Amino acid sequence: MEIWINPACSKCRSAISLLDAEGAEYTVRRYLEDVPSEDEIREVLGRLGLEPWDITRTQETAAKELGLKEWARDDSSRDRWIAALAAHPKLIQRPIITADDGSALVARTDDAVQDALSRK
């Protein structure tokens, strides 16, 4: 499994601690340094079963500067949202775990991390 993290994020650090406590094998991706491409974001969204606006941190400064709250949330706007996430990775909700079974989830709670651990 892979976990997308921002090391400054307390939820990310908590998820890593829980993965370590469970002896999980995983790869860390510091997505602010190793920025996901638009295609990678599309793939993760497919695995999550979510839309780009569902994983966007709309309170971030960049979101406010872009006016994301005013953007349409429909199929015709999907690529625009994905491009914004790729250009401004800090807007991506974290942590995201891509599980070995092909699924993914936003692991902001201990229960979500446990859910990821149970996916084989």
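Before any of the text, the structure's been laid out above.
Now for a description of the structure that goes with this document. Since this is a predicted model, take the numbers as computed values, not measurements. (Residues numbered from 1 in each chain as written. Predicted model: local features only at pLDDT ≥ 70, side-chain atom pairs only at ≥ 80, totals over all residues. Heavy atoms only, no water.)

### Quick look at the nonpolar core
Ile41, Ile55, Ile92 and Ile96 are the most contacted members of the largest nonpolar core, which has 21 residues in total. If we ignore the near neighbours within four places in the chain, the residues touching Ile55 are Leu45, Leu48, Leu50, Leu85, Leu91, Ile92, Gln93, Ile96 and Val106. Formed by 17 residues, the second largest nonpolar core is a distinct cluster that contains Met1, Leu19, Ala112 and Val113. (Core = buried A, V, L, I, M, F, W, Y, C linked by side-chain atoms within 4.5 Å. Buried < 20%, exposed > 50% of the residue type's maximum accessible area, 1.4 Å probe, protein only. Contact = heavy atoms within 4.5 Å.)

### A short note on the pairing of strand β1 (residues 2-5)
When β1 meets strand β2 (residues 27-30), the two strands line up parallel, connected through four bridges. In the sheet register, Ile5 faces β2, and the bridge partner there is Arg30. Chirality of the crossover, the property in question, places the unit of β1, helix α1 (residues 10-21) and β2 among those that are right-handed. (Pairing = 2+ DSSP bridges. Helix = DSSP H or I, 4+ residues; strand = E, 2+ residues; numbered from the N terminus. Right-handed = clockwise from strand over helix to strand, strands pointing away.)

### With respect to the pattern of salt bridges
As enumerated under the stated definition, the model contains nine salt bridges in all. The residue Glu43 makes a salt bridge to Arg47 at a minimum N-O spacing of 3.5 Å. In this pair, Glu43 and Arg47 both sit in helix α2 (residues 38-48), four residues apart, roughly one turn of the helix. Between Arg119 and Asp115 there is a salt bridge, and its shortest N-O distance comes to 2.9 Å. (Salt bridge = Lys/Arg side-chain N within 4 Å of Asp/Glu carboxyl O.)

### Regarding the side chain of Arg94
Position of Arg94 among the secondary structure elements: in the loop between α4 (78-87) and β3 (96-98). Buried Arg94, no salt bridge; nearest opposite-charge side chain is Glu60, N-O distance 4.4 Å. (Lys, Arg positive; Asp, Glu negative; His and termini not counted.)

### Some words on the side chain of Asn6
By secondary structure assignment, the location of Asn6 is in the loop between β1 and α1. Overall, the relative accessible area of 9% leaves Asn6 in the buried class. With residues up to four places along the chain from it excluded, the contact list for Asn6 reads Cys12, Tyr31, Leu32 and Arg94.

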